[in-house]
Each structure stands twice: as C-alpha cells, then as structure tokens.
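These are the residues of each chain, in order.
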Amino acid sequence: MISYEDAGVSIDNGNSFVERIKPFVKDTFDENVLGGLGSFSGAYALPSGYKNPVLLAATDGVGTKLKLAIDSKRYDSIGQDLVAMCVNDLLCNFAKPMFFLDYYASSKLDVEAASAVLKGIAKACSMAKCSLIGGETAEMPGLYAKNDFDLAGFAVGIAESSEIDRRSFVKSGDLLLALASSGLHSNGYSLARKVLFEELKMSFDDKIDGKKLIDILLEPTRIYVEDFLKLKPFINALAHITGGGLLENLPRIFPKGIGAVIRKHHLKTQEIFYTIGQMVDEKEMYRSFNMGVGMVLVVSPENVSKVLENSDAFVIGEVVLNEGVILD
C-alpha cells in the first residue's frame, strides 16, 4: 500500500510545524482575537470606536527576493517583508491593520526553515500591531523545485468610511515628505539580480559601503504602522512606494489635474541603487525601485513642522497643477 508520505507529503511534519509555531503566533494575539489556533478559520471581533467602519484587505508576496533568502539559507527576515508589503498598503487608505494570514507552499516542508520564516512573520505582525490569526502550509511535490518555497500574505484593516479615499484631501501647494526605505524593500529584485549577479558578476560577500551585498539585499522592508498612527492627524494622503516606484505610485493618490515635482537631490538614495544604476536607465530605475523612499506623505504646509518633529521624514517635493510626476 502507498501512503501520503510515499507521495512526498508528510502529515506528521505538518503537525510538528504547527506545534512549533504556536507560542510565537499566540504572542501576536490582542483582545479582539476569538479562540485560538487549530480551528477552520480565524475569528476577530471588530474594534469599537468607529462611526462608520469599513474593512479593507491587502494581499502580496515578496517576489524573487525570496530566491536570495533560499540561496543564502537565511530565513529569519523574509517574514517581515511579507507582512510589510501588505500592511503598508492598508495605511494608504488610512486603515489600521487588525489581523494577518499567511500561505506557505513548498515541495517538501522543511520544519526548521518554515519555523524561522513564521517566527519572522509573527515578529513583524507585532511590529505592525496586528494579530496573526491563521495561515496555510502546503506541500506540493512536483510543483516546486526541491528546496524552493513560496509565500503569500493577507492583511485586513479597519478605517472610517469618510477617510478611505484620500484624493479629495490633496491640493496644489501641499508638500511631499518621505519616510526612508530600508533598501530595495521587496520590489525590482529580478532586475537587481540580473544586474548584480549576471552583468556585474558580484557575489553575496562583495561589499558596498562596507556591508556585504547579501545583507543589503535581504534587509527587511520597513513597516510604517507606528509612523502612521503617530502622524495621521497631520497627513492628507500616503503613497506606498512599491512596484512602479515614485513615478507610478504617487499618481494613484492624486485627483485629476494634480501632479508632483520630486527634487532628486533631496532623496536619501542608498548606494545599492547607484550600483544597479550603472547598467539601467535612470527613468527605468525610478519605475522599478523606491530609490530610498518607502512611503510618501502629502502634507499641508502648516503641518510640515509637526511631521518633521515627530518622525525621520524629510521634504522631497511638492504637489502642483500638472498631472504626472516630474523628476527635477
């Protein structure tokens, strides 16, 4: 007789994994989590204090940055990338993250590697002030290569109905402030890998500004939830700078007839972007990477000092009567 394990799927490994992750998953629970792990779905009570609450949802992965984590056998930080890419998107609609779910798929479950990833996800959920209330682990031999795995994340937040669409709050004369990125975050890695490893023939241990390349590339995506909660009263709109860069993400929060001027010399662009930029056209760089900016805040002139006093934000440009984004 043939068992499921003979086909490449271990139920026992899956159970062992669940038991191992329970302690740090439970550490993310807040008072709104109902029940515990092991049910068929996660339950979360709606927080009080909202007049017209609306639920918002975001989903994402970490792209081919995951390949670098696998190749270097470094699994501890990739979970933060997964959480950050989802919760940072919620903030742009003024939604406070409530809970998170993950999906982990592999050819064969490596309990040690998967536990490290999930521990990173749980830690990041705590940073994002949201609860990890469920997930799914799938073994799919024949679909994934031997050591490969994939991640997807799902975040749900809550906001006031009147605060979701930020476009009506943006006006000409507003200033654009940036919260710095921690590096490439989780976008543009297919291009980065091609340039760095295929064209420039670099290795993981090569150094840029005294830091190993693999450390730079695996620097986890910054989570902006605490910044948002602190700065919310002074912000008109937010843009998470992901795929498409400043050129394509900023117009998503502008009303018709409104655009932006970005002062390139005001950006705090890390050296890794200049290294990649040796082989890539400047406009393509600004469409593929965040160029050192993880989140852009649209702020009325009278509120700029409040934002600067209460964060590490810096001015990068202004809102103008001209559609699109101009790089100056």
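Residues numbered from 1 in each chain as written. Predicted model: local features only at pLDDT ≥ 70, side-chain atom pairs only at ≥ 80, totals over all residues. Heavy atoms only, no water.

J.: Please give an account of helix α3 (residues 78–91) that cites residues and values.
T.: In a regular helix each residue adds 1.5 Å, so 14 residues correspond to 20 Å; α3 covers 21 Å between its end C-alpha atoms and thus fits that length. Extensive coverage of α3 is indicated by the burial of 13 of its 14 residues. (Helix = DSSP H or I, 4+ residues; strand = E, 2+ residues; numbered from the N terminus. Expected span 1.5 Å × (residues − 1). Buried < 20%, exposed > 50% of the residue type's maximum accessible area, 1.4 Å probe, protein only.)

J.: Can you lay out the side chain of Ser115 for me, pointing to particular residues and giving the numbers?
T.: With respect to the helices and strands, Ser115 occurs in helix α4 (residues 111–127). In this structure Ser115 touches Phe17, Arg20, Ile21 and Phe24, once residues within four positions along its chain are discounted. (Contact = heavy atoms within 4.5 Å.)

J.: Could you give an account of the sheet that holds strand β12 (residues 293–299), naming the residues involved and the relevant values?
T.: Spatial ordering of the open sheet is given by β10-β12-β7-β13-β11-β14, a layout of six strands whose pairing is mixed. Each edge of the open sheet carries a strand with a single partner, namely β10 (237–240) and β14 (324–327). Between one strand axis and the next, the sheet turns through 25° on average, direction left out of account. In this sheet, β12 lies alongside strand β7 (residues 175–180) in antiparallel orientation, the contact comprising six bridges. Paired with Ala180 across the bridge in β12 is Val293. Along the sheet, α3 contacts β10 and β12; its crossing angle with β10, the most-contacted strand, is approximately 155°. (Pairing = 2+ DSSP bridges. Axes fitted to C-alpha atoms, helices over the stretch in contact; angles between N-to-C directions.)

J.: I'd like a description of the pairing of strand β4 (residues 96–106), backed by residues and values.
T.: With respect to burial, β4 is a largely interior element, eight of its eleven residues being buried. Relative to strand β6 (residues 149–160), β4 runs antiparallel, the two being bridged by ten bridges. In the strand pairing of β6, Tyr104 is matched with Leu151. Across eight bridges, β4 lies against strand β5 (residues 131–139) in parallel orientation. The residue bridging Asp102 from the neighbouring strand is Gly135, located in β5.

J.: Help me get a handle on the packing of helix α2 (residues 65–72) against helix α5 (residues 189–199), residues and values and all.
T.: It is the contact of α2 with α5, at a shortest axis distance of 8 Å, that shows an interaxial angle of 50°. With respect to their mutual orientation, α2 and α5 come out oblique. Taken together, the residues of α5 that come into contact with α2 (itself represented by Lys65, Lys67 and Leu68) are Tyr189, Arg193 and Phe197. Here the residues of the contact of α2 with α5 sort into three nonpolar, no polar and three charged. (Parallel < 35°, antiparallel > 145°, perpendicular 65-115°, else oblique. Nonpolar A, V, L, I, M, F, W, Y, C, P; charged D, E, K, R; others polar.)

J.: Run through the nonpolar core, naming residues and quoting values.
T.: Judged by nonpolar contacts, the single largest core of 101 residues is most densely connected at Phe100, Leu250, Ile272, Ile276 and Leu297. Sort the elements by how many residues they give to this core and α4 lands first, with nine residues. The residues contacting Leu297, other than those within four sequence positions of it, are Leu175, Leu176, Leu177, Leu179, Leu231, Ile235, Ala237, Leu238 and Val307. Ranked by size, the runner-up nonpolar core spans seven residues in total, among them Tyr44, Met98, Phe99 and Val156. (Core = buried A, V, L, I, M, F, W, Y, C linked by side-chain atoms within 4.5 Å.)

J.: Could you give an account of the side chain of Asn290, with specific residues and numbers?
T.: If you trace the backbone, Asn290 turns up in the loop between α10 (282–288) and β12. One polar contact links the side chain of Asn290 to the main-chain amide nitrogen of Gly292, over a distance of 2.7 Å. When near neighbours in sequence (up to four residues on either side) are disregarded, Asn290 contacts Ser181, Gly183, Leu184, His185, Ile241, Leu246 and Phe273. (Polar contact = N/O pair within 3.5 Å; in protein donor to acceptor, adjacent residues only side chain to side chain.)

J.: An account of the packing of aromatic side chains is needed here, citing residue identities and associated values.
T.: Scanning the entire structure with this criterion turns up six aromatic pairs. Here the aromatic rings of Tyr104 and Phe149 are separated by 4.9 Å at their centres, their planes lie at 10°, and the arrangement is stacked. Residue Tyr104 is located in strand β4, and its partner Phe149 is located in strand β6; the two are separated by 45 residues in the primary sequence. Relative to Phe204, the ring of Phe197 lies with its centre 5.6 Å away and its plane at 75°, an arrangement referred to as edge-to-face. Members of the aromatic cluster, joined through ring pairs, are Tyr75, Tyr104 and Phe149. Across from the ring centre of Phe94, 3.6 Å away, lies the NZ or CZ of Arg166, which sits over that ring. A cation sits over an aromatic face here: Arg166 above Phe169, 3.9 Å from the ring centre. (Phe/Tyr/Trp six-rings, centres within 6.5 Å; stacked < 30°, edge-to-face > 60°. Lys NZ or Arg CZ within 6 Å of the ring centre and 35° of its normal.)

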